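Per-entry structural report
Below are the chains, spelled out letter by letter.
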Amino acid sequence: MFARSPSPKVIPGFGLALGITLAYLSLVVLLPLAMIPLAAFRLAPERAWAVVSDPRTVHALALSFGTALLAAAVNAVLGTLLAWVLVRYDFPGRRLVDALIDLPFALPTAVAGISLAALYAPNGWLGRLLAPLGVTVAYTPLGIVVALVFVGLPFVVRTVEPVLEALDAEVEEAAATLGASWSRAFRRVVLPLIAPAVLAGFAMALARGVGEYGSVIFIAGNLPMVSEIAPLLIAIRLEEYNNGAAAVIALAMLAIAFALLLAINLLQAWNRRRIEA
Amino acid sequence: MSLLSPRRAHAVAEAPAVRFLLLGLALAAVALFLLLPLGVVFAEAFARGWAAFAEGVADPDARAAIRLTLLVAAISVSVNLVFGVAAAWAVTKFDFPGKSVLVTLIDLPFSVSPVIAGLIYVLLFGAHGLIGPWLIAHGVEVIFAVPGIVLATMFVTLPFVARELIPTMEMLGRGDEEAARTLGASGWQIFFRVTLPNVKWAALYGVLLCNARAMGEFGAVSVVSGHLRGLTNTMPLHIEILYNEYNFVAAFAVASLLALMALVTLALKSGLEALGGK
């Protein structure tokens, strides 16, 4: 006789578990999210276009994506440095610093927002030091970048750390045997190996930064056409009961974010092929 | 190990001067971007002494905000814990078409702006929304009321438990559960006696992060709350109102409670990581 192979569903509970998952996901996420295209397309095309091409909308979108890109780039460098120091060096308080890296994930954004605003306000601890240098952070786009660097800081550190931990010492040894200096070995050997992790962290920080609201609005000053971010403009349109306009701006945000993340994924795939070749 | 020695031998070690420079830069960045913002919260909260701090925290509106925040966090964390367990069970114990799509969809709330998370519920349940007018006619208020706040918080915190449980349960495999089934255990017995003991720390880790986000959520809640003092103000919204009224001591006093919650979260998280060898 043939031994009966175990039925693929030996473990019970498939129907219940998948049922709960799909029902909850549909009711809380998918159905409500479908409201954005629904509400946006209920608007006449020329009215929707008027919302998108409104200079205030264009500026808010450009500001949100521009500051998020800049902050993610700062975090790529800063995050790599922090991951390097945390993985490679032994120093007193290393575990404390490692735990502290996740502070932006745990600290509510509104708390971060008022704290950064207080720090960088013209009479704040840091604002007072920067003012004589002619640098104004609070109530300018620079303040938005500072807030987004804060909220996005952990992403790159946490994606690069495990890769550095796993980095094979032999690879570096080989480079050293071949006479490469440290900086050359870092650039030619280490950097290409951690690049995918840096880029992955960059993408996460970017996605987070584009939509960030709580930590930004206190330090930004929120002047239309100067320091008004796209999420705030959505909130303002909603307060005016202009649901259609809010949905159109949200749809534009989601579309641009999707295109950017798609581009980053293509870059990752291209990079993988290049390394394997 | 001597100060600043590499944690393990590396063939290509940077010069000591470079090492000091890199460490100095990293610590300066941590101090500037993480420690200073944290320190300011407590410094400002106690800028006028204990009495002013206590006054800010004991204010009836502040107390109502604290109660609402705890209520919203309790509901959304429990619901998302049940969802996370169900989703992880379905994804890791069975094979079915569309599984990877499902896993991607579970992470979706992380890539949506909190303001958009609030917006979608206004478009659905608001006075000018899809089913809002009908609900309001039947006496059900979702937007500018507690149910809307709970829904928006549930949305933004949905992935936390599931994304901790799925990799852990994937790694543990199905062998134990299949063996228990062969020995005649019921589904619930398998879950509580076999699976749960193996994943309890991962679940707790997810609950911890879920709770921190639930208590601190601002953007999504701000859009649906209507900011009714003592009624629909959570702690983050109360902080915003106090701050905009230039009542800085009270704003930072309430903020310091949330900062304390964040510090406790980080400490417990480190403890769990040490426990699980993460």
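Residues numbered from 1 in each chain as written. Chains lettered and ligands numbered in written order. Predicted model: local features only at pLDDT ≥ 70, side-chain atom pairs only at ≥ 80, totals over all residues. Heavy atoms only, no water.

**Some thoughts on the overall build of chain A**
Note the threshold: The way it works is that DSSP assigns letters per residue, a run of H or I at least four long becomes a helix, a run of E at least two long becomes a strand, and they are numbered from the N terminus. In this setup the radius of gyration rests on C-alpha atoms only. A globule is expected at 2.2 Å times the number of residues raised to 0.38. Exposure is judged per residue with a 1.4 Å probe applied to protein chains only, and the accessible area is read against the type maximum: over 50% gives exposed, under 20% gives buried, and values in between give partly exposed. Any pair of residues with heavy atoms lying within 4.5 Å of one another is described as a contacting pair. What sets the accessible areas is the Shrake-Rupley method with a 1.4 Å probe; for residues, cover comes only from the shown protein chains. Note on charges: Lys and Arg go in the positive column, Asp and Glu in the negative column, and His and the chain ends are not counted at all. For this purpose, a charge sits on NZ of Lys, CZ of Arg, CG of Asp or CD of Glu.
Looking only at helices and strands, one finds 13 helices and 0 strands in chain A. Starting at the N terminus, the α and β elements of chain A follow one another as α-α-α-α-α-α-α-α-α-α-α-α-α. On C-alpha atoms alone, chain A measures out to a radius of gyration of 24 Å, which is more than a quarter above the 19 Å that the 2.2 N^0.38 rule sets for 277 residues. Taken along its principal axes, the extent of the C-alpha atoms in chain A is 80 × 65 × 35 Å. By the burial criterion, 53% of the 277 residues in chain A qualify as buried. Considering only contacts in chain A between residues 6 or more positions apart, those separated by 24 or more positions represent 75%. Element-wise, carbon and sulfur atoms account for 69% of the exposed surface of chain A, whose accessible area totals about 12,600 Å². Distance from the positive charge centre (18 side chains) to the negative charge centre (16 side chains) of chain A: 4 Å.

**Brief notes about the interface of chain B and chain A**
Worth spelling out the cut-off: What makes a salt bridge here is a side-chain nitrogen of Lys or Arg within 4 Å of a carboxyl oxygen of Asp or Glu, nothing more. Polar contacts, as counted here, are pairs of nitrogen or oxygen atoms within 3.5 Å of one another; within protein the pair requires one atom able to donate a hydrogen and one able to accept it, and residues that are adjacent in sequence qualify only if both atoms are side-chain atoms. Polar here means any residue other than Ala, Val, Leu, Ile, Met, Phe, Trp, Tyr, Cys and Pro, which are nonpolar, and Asp, Glu, Lys and Arg, which are charged; Gly is therefore polar.
Across the contact, 94 residues belong to chain B and 88 residues belong to chain A. For the pair chain B and chain A, the number of links is 1 salt bridge. For Asp 102 of chain A, the salt bridge is made with Lys 269 of chain B, and the minimal N-O distance between the two is 2.4 Å. Taken together, the connections running from chain B to chain A amount to 7 residue pairs in polar contact (both at pLDDT 80 or more). Element by element, the count of residues in the side of chain B that touches chain A is highest for helix α1 (residues 16-45) of chain B, at 19 residues. Split by residue class, the side of chain B that touches chain A holds 70 nonpolar, 12 polar and 12 charged.

**Section: the packing of aromatic side chains**
Each aromatic ring pair is specified by the distance between its two centres and by the angle formed by the two planes. The condition that has to hold: Aromatic pairs are defined between Phe, Tyr and Trp rings, using the six-membered ring for Trp, whenever the two ring centres lie within 6.5 Å; interplanar angles under 30 degrees are classed as stacked, those over 60 as edge-to-face, and all others as tilted.
On inspection of all chains with the given rule, the structure shows 19 aromatic pairs over all chains. Relative to Phe 248 of chain B, the ring of Tyr 246 of chain B lies with its centre 6.0 Å away and its plane at 85°, an arrangement referred to as edge-to-face. Its relative accessible area of 32% is what places Phe 248 of chain B among the partly exposed residues. Cluster of aromatic residues (ring-pair linked, three or more members): Tyr 213 and Phe 218 of chain A together with Phe 218, Tyr 243, Tyr 246 and Phe 248 of chain B.

**Details of the nonpolar core**
So the rule is basically this: We call a set of buried residues a nonpolar core when its members are Ala, Val, Leu, Ile, Met, Phe, Trp, Tyr or Cys and they connect through side-chain atoms within 4.5 Å of each other. Those domain boundaries reflect an automatic or database domain assignment.
Judged by nonpolar contacts, the single largest core of 193 residues is most densely connected at Leu 107, Tyr 120, Leu 164 and Ile 234 of chain A together with Ile 106, Tyr 121 and Phe 155 of chain B. With 16 residues, the top contributor of residues to this core is helix α3 (residues 55-88) of chain A. Shared between two domains, this core takes at least three residues from each, and those domains are domain 1 (14-45) and domain 2 (49-276) of chain B. Setting aside residues up to four positions removed in sequence, Ile 234 of chain A forms contacts with Ala 246, Ile 249, Ala 250 and Met 253 of chain A together with Val 115, Ile 116 and Leu 119 of chain B.

**Description of the domain arrangement of chain B**
Residues and elements named next belong to chain B. The following threshold applies: Simply put, the buried area is the total loss of 1.4 Å probe accessible area from both parts when two parts are fitted together.
Domain assignment breaks chain B into domain 1 (14-45) and domain 2 (49-276). Relative placement of domain 1 and domain 2: their C-alpha centres are 31 Å apart. Listed per partner, the contact involves 6 residues of domain 1 and 10 residues of domain 2. For the pair domain 1 and domain 2, the summed buried area comes to about 620 Å², and 82% of that belongs to carbon and sulfur atoms. Of all residues in domain 1, Val 41, Phe 42 and Ala 45 bury the most surface against domain 2, accounting for 66% of the area lost on that side. The interface formed by domain 1 and domain 2 includes 0 salt bridges. Of the residues that constitute the side of domain 1 that touches domain 2, the class distribution is 5 nonpolar, no polar and 1 charged.

**Brief notes about the environment of Leu 70 of chain B**
Residue and element names in this part refer to chain B. Relative to the helices and strands, Leu 70 is located in helix α3 (residues 60-93). On the basis of relative accessible area, Leu 70 is assigned to the partly exposed category, the value being 45%. Expressed as a C-alpha distance, the spacing of Leu 70 and Thr 168, which sit 98 residues apart in the sequence, is 28 Å.

**Some remarks on the confidence of the model for chain A**
When pLDDT drops low, the exact placement of atoms in the prediction is not to be read closely. Note the cut-off: For every residue, the predictor states its confidence as a pLDDT score lying anywhere from 0 to 100.
Per-chain confidence: chain A averages 91 in pLDDT, with 96% of residues scoring 70 or above. Here residues 1-6 of chain A scores under 50 on pLDDT; set against residues more than four positions off or in separate chains, the count is 0 contacts.

**With respect to the environment of Ser 215 of chain A**
All names here are of chain A. Residue position: Ser 215 is located in helix α11 (residues 214-220). The class for Ser 215 is buried, based on a relative accessible area of 0%. C-alpha separation for the pair Ser 215 and Leu 116, spaced 99 residues apart in sequence, amounts to 8.0 Å. A polar contact of 2.9 Å, which involves the side chain of Ser 215, links it to the side chain of Glu 212.

**Focus on the pattern of salt bridges**
Two side chains with opposite charge may pair up if their charged atoms get near one another. Summed over the entire model, instances satisfying the criterion amount to 17 salt bridges over all chains. Residue Asp 90 of chain A is joined to Arg 94 of chain A by a salt bridge in which the shortest nitrogen-to-oxygen separation is 3.9 Å. Residue Arg 94 of chain A is classed as buried on the basis of its relative accessible area of 17%. A salt bridge links Asp 95 of chain B to Arg 174 of chain B, with the nearest nitrogen and oxygen atoms 3.2 Å apart. Taken together, the positions of Asp 95 of chain B in the loop between α3 and α4 (99-107) and Arg 174 of chain B in the loop between α8 (159-172) and α9 (175-182) put the pair 79 residues apart, joining distant regions of the chain. Here Asp 95 of chain B falls in the exposed class, since its relative accessible area comes to 54%. Judged by its relative accessible area of 22%, Arg 174 of chain B is partly exposed. Connected through shared salt-bridge partners, Asp 98, Asp 102, Arg 158 and Glu 161 of chain A together with Lys 269 and Glu 273 of chain B make up one network.

**Brief notes about helix α2 (residues 49-58) of chain B**
All names here are of chain B. The line we're drawing: Each C-beta atom gives one direction from the helix axis, and the arc is the one those directions make.
Within α2 the residues assigned to the buried category are Phe 53, Gly 56 and Val 57. In an axial view of α2, the angular spread of the buried residues amounts to 95°, which keeps them on one side of the axis. Opposite the buried face of α2, at more than 90 degrees from it, the exposed residues are Ala 51 and Glu 55. The inward-facing, buried residues of α2 contact α1, α3 and α13 (248-276).

**A short note on unusual backbone geometry**
All names here are of chain A. Of note in the backbone geometry, Asn 222 takes a positive phi value of approximately 55° without being a glycine. Relative to the helices and strands, Asn 222 resides in the loop between α11 and α12 (230-239). The class for Asn 222 is partly exposed, based on a relative accessible area of 25%. A positive phi is found at Tyr 241, a non-glycine position, where the angle reads about 60°. Its place among the elements puts Tyr 241 in the loop between α12 and α13 (243-276). Accessibility expressed as a relative area gives 55% for Tyr 241, which makes it exposed.

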